[in-house]
Amino acid sequence: QARLVESGGGLVQAGGSLKLSCAASGFAFSDRSMGWFRQTPGKEREFVAAIEKDDRFTYYGDSVKGRFTISRDNEKNTVDLQLTSLKPEDTGVYYCGASSFISHFFISREANYNAWGQGTQVTVSS
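Residues numbered from 1 in each chain as written. Predicted model: local features only at pLDDT ≥ 70, side-chain atom pairs only at ≥ 80, totals over all residues. Heavy atoms only, no water.

K.L.:
Honestly, the packing of aromatic side chains in this entry has me stumped. Any pointers?
P.N.:
The geometry of an aromatic ring pair is captured by two quantities: the separation of the ring centres and the angle between the planes. Following the criterion strictly, the structure yields seven aromatic pairs and no others. Ring plane angle 50° and centroid distance 6.4 Å describe the contact between Phe 27 and Phe 29, whose orientation is recorded as tilted. Taken individually, Phe 27 and Phe 29 each receive the classification buried, so the pair is uniform in this respect. With a centroid separation of 5.5 Å and an interplanar angle of 70°, the aromatic rings of Phe 37 and Phe 47 are classed as edge-to-face. In this pair, Phe 37 is assigned in strand β4 (residues 33-39) and Phe 47 in strand β5 (residues 46-51), connecting sequence segments 10 residues apart. Take Phe 37 and Phe 47: they sit in the same class, and that class is buried. A network of ring pairs unites the aromatic residues Phe 37, Phe 47, Tyr 113 and Trp 116 as a single cluster. Above the ring of Tyr 95, the side-chain terminus of Arg 45 is found at 3.8 Å from the ring centroid. Its guanidinium or amino end placed over the ring of Phe 29, Arg 72 lies 4.4 Å from that ring's centre, counting from NZ or CZ. (Phe/Tyr/Trp six-rings, centres within 6.5 Å; stacked < 30°, edge-to-face > 60°. Buried < 20%, exposed > 50% of the residue type's maximum accessible area, 1.4 Å probe, protein only. Helix = DSSP H or I, 4+ residues; strand = E, 2+ residues; numbered from the N terminus. Lys NZ or Arg CZ within 6 Å of the ring centre and 35° of its normal.)

See below:
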């Protein structure tokens with residue numbers, strides 16, 4: 001059974017940094033693209049970043065390009081999201097997901113993920 005556990009969220013001032021981590025188990029991690037999405041109350045889950053299974057390609061949502069960096073370690077079955085230059089609008093619950101798809105068209109869409117973590121809260125104060 002696939003299991004994803006996020007960690008690293010917290011409260012940070014605008015301009016600060018955080019590193020989120022997602023530990024995966026119960027499935028062939030190296031055969032999956034991994035992504036991060038975020039959600040705030042009353043809004044749909046928003047694509048943040050994704051990385052293909054072989055680490056060759058990464059993709060980012062327009063609002064986080066140049067500020068966030070996604071990476072993975074297929075030996076440790078982890079995927080990280082480094083958040084820098086944080087803004088109050090980055091506040092939300094960040095979810096890690098696993099997808100059997102590749103390419104930006106597919107892995108930027110929530111519907112193409114078949115496993116999710118419980119989420120970790122990121123709060124950016126102004």
